[in-house]
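# Remarks on the overall topology
Here is how the chains run, residue by residue.
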Amino acid sequence: MKRNIIVYTILATFCVMNISAQNANRQRLDAYKIAFFTKRLNLTSQEAEKFWPVYNEFQDNKTKIQLERHELNRNFNQNELNMSEREMTEAGDKFVGLEIREAALAQEFHTRIKTILSPVKILRLYQAENQFRQQLLNELRDRNQVRNNQNIPQQ
């Protein structure tokens, strides 16, 4: 019994530490993104005050749609052989519906952001999103290369 309690305590501690590390990484990433966008867009303090709540709401809603799409893809990959034609049709319809929802969300965001930022800053925003994503992918690739090079035994 004591052994089980110790094991559960260790597991719980590990889970809390893992969640804390994820939160810390997420906070660092968010701070990096804010600095990246603020610099690229040259936001004034008044623009930033209005921009970030709208942008964060947009990103949260977009993430929810992307998670639904991911779950739909995962479900299809796991159950493809057992799905009826009707279920596949429904899944395809749902997939397209998610694409439409995401496009409508982007259109709504664009309409809202036009009241906050100038046209040039809006276009810089769209460029900055792509640049930020590309920079993160490059950094991830570079880290993986370093990690892989460290694991190669010397001859």
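Residues numbered from 1 in each chain as written. Predicted model: local features only at pLDDT ≥ 70, side-chain atom pairs only at ≥ 80, totals over all residues. Heavy atoms only, no water.

## Details of the overall build of the chain
Regarding its fold elements, the chain presents four helices and zero strands. Long-range contacts, defined here as pairs at least 24 residues apart, represent 74% of the contacts in the chain between residues at least 6 apart. A total of about 12,200 Å² of accessible surface is found on the chain, and carbon and sulfur atoms cover 55% of it. (Helix = DSSP H or I, 4+ residues; strand = E, 2+ residues; numbered from the N terminus. Contact = heavy atoms within 4.5 Å. Areas by Shrake-Rupley, 256 points an atom, 1.4 Å probe, with all protein chains shown as cover.)

## Quick look at helix H3 (residues 85-113)
Spanning 29 residues, H3 covers 42 Å between terminal C-alpha atoms, matching the ideal 42 Å at 1.5 Å per step. If you check which residues of H3 are buried, you get Ala91, Leu98, Glu102, Leu105, Phe109 and Ile113. On the buried face of H3, the contacting elements are helix H2 (45-79) and helix H4 (119-150). (Expected span 1.5 Å × (residues − 1). Buried < 20%, exposed > 50% of the residue type's maximum accessible area, 1.4 Å probe, protein only.)

## Digging into H2
Given a rise of 1.5 Å per residue, 35 residues ought to cover 51 Å, and the 50 Å separating the end C-alpha atoms of H2 matches this to within 8%. Of all the bends in H2, the greatest, near 30°, is centred on phenylalanine 51, and the proline proline 53 appears no more than four residues after it. (Bend = angle between axes of the 7 residues up to and from the residue.)

## Section: the confidence of the model for the chain
Across the chain, pLDDT averages 86, with 83% of residues at or above 70. Here helix H1 (residues 2-41) is the element of the chain with the lowest mean pLDDT, 68, and H3 is the one with the highest, 96. (pLDDT = per-residue confidence, 0-100.)

## Here we look at the pattern of salt bridges
Using the criterion set out here, one finds nine salt bridges in the structure. Here glutamate 68 and arginine 101 are joined by a salt bridge, their closest N and O atoms 3.1 Å apart. With glutamate 68 in helix H2 and arginine 101 in helix H3, this pair connects stretches of sequence that are 33 residues apart. Classification of arginine 101 as partly exposed rests on a relative accessible area of 40%. Glutamate 90 is the salt-bridge partner of arginine 86, the closest N and O atoms lying 3.5 Å from each other. Separated by four residues within a single helix, arginine 86 and glutamate 90 lie in helix H3, roughly one turn from each other. Classification of arginine 86 as exposed rests on a relative accessible area of 55%. Several salt bridges share partner residues, and in doing so they unite Arg69, Glu99 and Glu102 into one network. (Salt bridge = Lys/Arg side-chain N within 4 Å of Asp/Glu carboxyl O.)

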